[in-house]
Structures are given as C-alpha cells and as structure tokens.
Amino acid sequence: MDSLTPTLDRAAGDDAIPPVKIALRNVYKVFGDHDEAAMRLVRDGRDKAEIQAETGCTVGVDNASFEIRSGEIFVIMGLSGSGKSTLLRLINRLIEPSSGEILIDGQDITKMSRQELTALRRSSMGMVFQSFALLPNRTVLDNAAFGLEVAGMAQAERHAKARAALEAVGLGAYADSRPDQLSGGMKQRVGLARALAGEPSVLLMDEAFSALDPLIRTEMQDELIRLQSERSRTVVFVSHDLDEAMRIGDRIAIMQHGRVVQVGTPDEIVMSPANDYVRSFFRNVDVSHVFRAGDIARETQVTLIERRGMAIPAALERMRRHDRDVAIVVGRDKKYHGMVSVDSLAAAARRPEPDPYHRALLPEVAPIAAGETLSEVMGRVAESPHPLPVVDDDQRYLGSISKSALLQTLDRSGN
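Treat the numbers as computed from the prediction; the structure is a model and nothing was measured.

Peer 1: Whenever I open this one, the domain arrangement of the protein chain confuses me. Can you help?
Peer 2: Interfaces are often described in size by the accessible area the parts lose on coming together. Each domain of the protein chain was delimited in the assignment, giving domain 1 (70–102 + 111–281) and domain 2 (302–413). Computed over C-alpha atoms, the centres of domain 1 and domain 2 are 44 Å apart.

If you want it as structure tokens, here you go:
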C-alpha cells in the first residue's frame, strides 16, 4: 500500500486470475519440402529470408510461446505475412506444427490422435472465418446447424441448438430465410451462430469482420463483446486492424516475421512498445480512448479511515506532514465515502456533533468510475481544483487522477 495510506483494514484481495486455457510452448511451423533442414537453421538463429534462400522453405511461426487465459479475448495482429493466421490454425491443428507443444486445458493437442482431435474440436472449439461460407441452398437455420449435422447430431437436437444460437446473435426471426436474403452483417452473424451452436469454450476468429463495412463491423464487435458478457468464452481473434484489436482485445499479441514480439494489454503495449515495429503500429493512437481511469489512478492522496475514535487533529497533522490540502475518506472495506479538505476538517472540528469526517465531506465531489475512458473524464479532471477519486464497480477506492498524471499519459512520455 502507498506510504500515504496507513496500514489498516484493507478490502479482500483482488479477484482470482482466470486459469490458463491455451498455452503455446516453443511452437514452430515451417512450410516446404526441406522442413527438417530449415528447422536446423531456425534453431541456429538464421533469419527468415536466409532460410528461404537456402532451403526454399518458409518460416510461418518462429518459436511462439505464450498463454491465453480462460474467458479473455486475445487478439493476434501483425502485417500481412507475419504469421497470425498460421498461428491461429495451429491452435486447433488445422495446420500441423513442425515443433513445440500446444496445450488446451493442459492437454497437448500435438500428441492427440486424429479421432481425439476431432472430438475436441466438436466439443470445445468453434471457428469463424472472414468468408461467410454459407450454403446458398440451405436455410439460415440449417446453415447454423451444419457443423452439428456433420458431427452426426439428430435433426431435432441440432435445430434446437442452432435456434438458440441464432437467438443469441439476434437472428431468431430469420431461421427460415435463405442467405441471399440477408445483408453482409447478417450473414456473418449466421457464421458466428454456426460456431456458437456447438457451445464451444474456445472460439477462433480469423479476420472475421474484415469484409464488412465499417459501421457493420463496429456492430459485430459490439455483438462479440455482448456475447462475452452473457457467456464468457476464450476468444482468439486474428486482425490486422489496430482499432479493432484495441477495442475488443483484453490482450494483444503482435507478430513480426513469424515471431510473437510482444504480448500485453492495449495500454501496456501503447506505453511500452517492445521495438520500433510495435511502436509504428501505435504511433498515431489516441490514447484517451485506450486508457481508462482505473489505468492511471494512483494512491498518492492521504486516505482517512472512517471509524470509531477517529480524531480530526490527527487527520490534519497527517495532511500537513504529507503536504496535502485534501484527503480521501474510506470505510474499513475501502469503499469510498468522500473527500475532505483542511478547511472543511477545521470547520467540522469546531462543532460538537459526532461523525466529524462525515460533516467535513466536500459537496459535489463525485467519484470517477474505473471503466470510464480518459476522453470521458478529462474535462472533469481539468476543471477540478484537486485530484479526483476513482472507484471500482463496488465503490472501492482505487486511487486518484491528477492533472499532471492525465497530461503525462496523454503525452505518452517515455515512448
């Protein structure tokens, strides 16, 4: 805890970190007839161009190692030819890896038989491609149920599951329509429903929205986020679009020449790019739409715990020692109660009534929600004479935002 906050009753620990759903360990993929020779050169540290010139082989993925946690939207992005779609297809072995381990729920799928792999795909994995790939002679319902039909599921059961999936994506009323009666966005929703019908825990999406018009694309991004809020899945999403990656991604992996050069949250990558290649992606990003209040809130203000026996003179002395004009009042559960100032505390001390902190709270100091973007709060911070408090969904105090912290973030100092 910050030195300005005394050691007191603190709220319970942070929410548990979700378990690892997918893990890649030293995964390589080499395309070509002389892949063994190419792999030897890869391990010798030769670059992609040298290996292609010497062996005729192409290094698609070069030593990929990272973890994806259950329930997160994990975006893989990079320039054309960087290996992002190859990496996605390695996760369900549509492409066979040349080397390495790919673990799903702790099981290495590279060691699975074809039968075991098929069972895993049917029970746990769905995939959405850029192409809608709908069958024109079938109804929307039958298109949504197609994967279940291939898996051998009886018609009544597969139709029930497909109808539920169509309802989830807002197309329940179009079950009996044909694909040529749908808009592009609706067709992609059918593709999404087809993937969801099998109730997968992992959803792989390869440039799924890139063929759509910008407005429809945004709607589909919102739809994906909404579906996640209703039922959390592990989503691995390939995109070449930075705005899309930052809008939907909990974390982003940046690929360059087959290598994963950085993995992090959008704000981590914006503020600390691994190299010039990553920096070039984010050079013109408006960080006010990337960062949220909780990202830059700092516990640099004096905090006062509202409890029996509290004394205003002691609070004033702490504020004086730390050269603070205001302090944050919280409960024992760290829930935000309000803000006080030296003047309001001094005025409260002259009154004999109990609850001195409550009587000293400054009016009209509403806390900022941690999830608000900086673009939404910068006006309030700029107009406030003091740093503004930030709270989480349970109204627990997380820290405060000062004008200087806001300006430093917007300036992306150190980048």
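On we go from here.
Peer 1: What is the right way to look at the packing of aromatic side chains in this model?
Peer 2: For any pair of aromatic rings, the description consists of the separation of the ring centres together with the inter-plane angle of the planes. One pass over the structure, following the stated rule, counts three aromatic pairs. Consider the rings of phenylalanine 66 and phenylalanine 74, whose centres lie 5.2 Å apart with planes at 10 degrees: the pair is stacked. Summarising the burial analysis for this pair, phenylalanine 66 and phenylalanine 74 share the class buried. Summarising the aromatic geometry, the rings of tyrosine 277 and phenylalanine 281 are spaced 5.2 Å apart at their centres and angled 85 degrees between planes, so their arrangement reads as edge-to-face. With tyrosine 277 and phenylalanine 281 both in helix 12 (residues 276–282), this residue pair falls four residues apart, about one helical turn. Each member of the pair, tyrosine 277 as well as phenylalanine 281, is classed as buried. A cation over a ring is seen here: lysine 29 above phenylalanine 31, with NZ or CZ 5.1 Å from the ring centre. Sitting over the face of the ring of tyrosine 28, arginine 43 holds its NZ or CZ atom 5.4 Å from the ring centroid.

Peer 1: Got a minute to help me understand helix 18 (residues 403–411) in this structure?
Peer 2: The α-helix advances 3.6 residues per turn, and as a result positions three or four apart in sequence lie on the same side. Those residues of helix 18 lying buried are Ala405, Leu406 and Thr409. Looking straight down helix 18, one finds that the buried residues subtend no more than 100 degrees of arc, so they occupy a single side. In helix 18, the exposed positions that point more than 90 degrees away from the buried face belong to Leu407 and Asp411. Elements that come into contact with the buried residues of helix 18 comprise helix 13 (293–296), helix 17 (374–383) and strand 16 (397–401).

Peer 1: Looking at this structure, how should I read the pairing of strand 13 (residues 336–341)?
Peer 2: Within strand 13, five of the six residues are buried, leaving the element largely enclosed by the surrounding structure. Of the pairings in the sheet, the one linking strand 12 (residues 326–330) to strand 13 comprises five bridges and is antiparallel in character. In the sheet register, alanine 327 faces strand 13, and the bridge partner there is valine 340. Remark: five residues form the turn of the hairpin made by strand 12 and strand 13, two consecutive strands paired antiparallel; lysine 334 in that turn has positive phi of roughly 70 degrees.

Peer 1: Would you take a moment to explain the packing of helix 8 (residues 184–197) against helix 9 (residues 214–230) for this structure?
Peer 2: For any two helices packed against each other, the geometry comes down to the angle between their axes and how far apart the axes lie. Between helix 8 and helix 9, whose axes approach to 10 Å, the crossing angle comes to 25 degrees. As far as their axial angle goes, helix 9 and helix 8 are roughly parallel. Where helix 8 crosses over helix 9, the two elements pack in a sense that is right-handed. On helix 9, the residues that touch Gly185, Gln188, Arg189, Leu192 and Leu196 of helix 8 are Ile216, Glu219, Met220, Glu223 and Leu227.

How each quantity is defined
Residue positions within a chain follow its written sequence, with the count starting from 1. Restriction of local features to residues with pLDDT of at least 70 applies here, the model being predicted, together with a cutoff of 80 or more for giving and counting side-chain atom pairs; totals for whole chains, interfaces and linings are based on all residues. To obtain the side-chain values, all non-hydrogen atoms of the structure were included, while hydrogens and water were left out. Reported domain spans reflect what an automatic or database domain assignment gives. Aromatic pairs are defined between Phe, Tyr and Trp rings, using the six-membered ring for Trp, whenever the two ring centres lie within 6.5 Å; interplanar angles under 30 degrees are classed as stacked, those over 60 as edge-to-face, and all others as tilted. Between buried and exposed lies partly exposed: a residue is buried under 20% and exposed over 50% of the maximum accessible area for its type, with that area taken using a 1.4 Å probe on protein chains only. Under the DSSP-based scheme used, a helix requires at least four consecutive residues in state H or I and a strand at least two consecutive residues in state E, with every element numbered from the N terminus. In this scheme, Lys NZ or Arg CZ marks a charge over a ring once it lies within 6 Å of the ring centre and within 35 degrees of the ring normal. In this description, one arc is meant: the one made by directions from the helix axis to the C-beta atoms. Residue contacts follow a heavy-atom distance rule, with two residues in contact if any of their heavy atoms lie within 4.5 Å. Two strands form a pair only when DSSP identifies at least two bridges running between them. Every axis corresponds to a line fitted to the C-alpha atoms, with the helix fit spanning only the stretch in contact, and the corresponding angles, defined between N-to-C directions, vary from 0 to 180 degrees. Comment on the angle field: the value is read as roughly parallel under 35 degrees, roughly antiparallel over 145, roughly perpendicular from 65 to 115, and oblique elsewhere. In a left-handed crossing the near helix is turned counterclockwise from the far helix by less than a right angle, and in a right-handed crossing that turn is clockwise.

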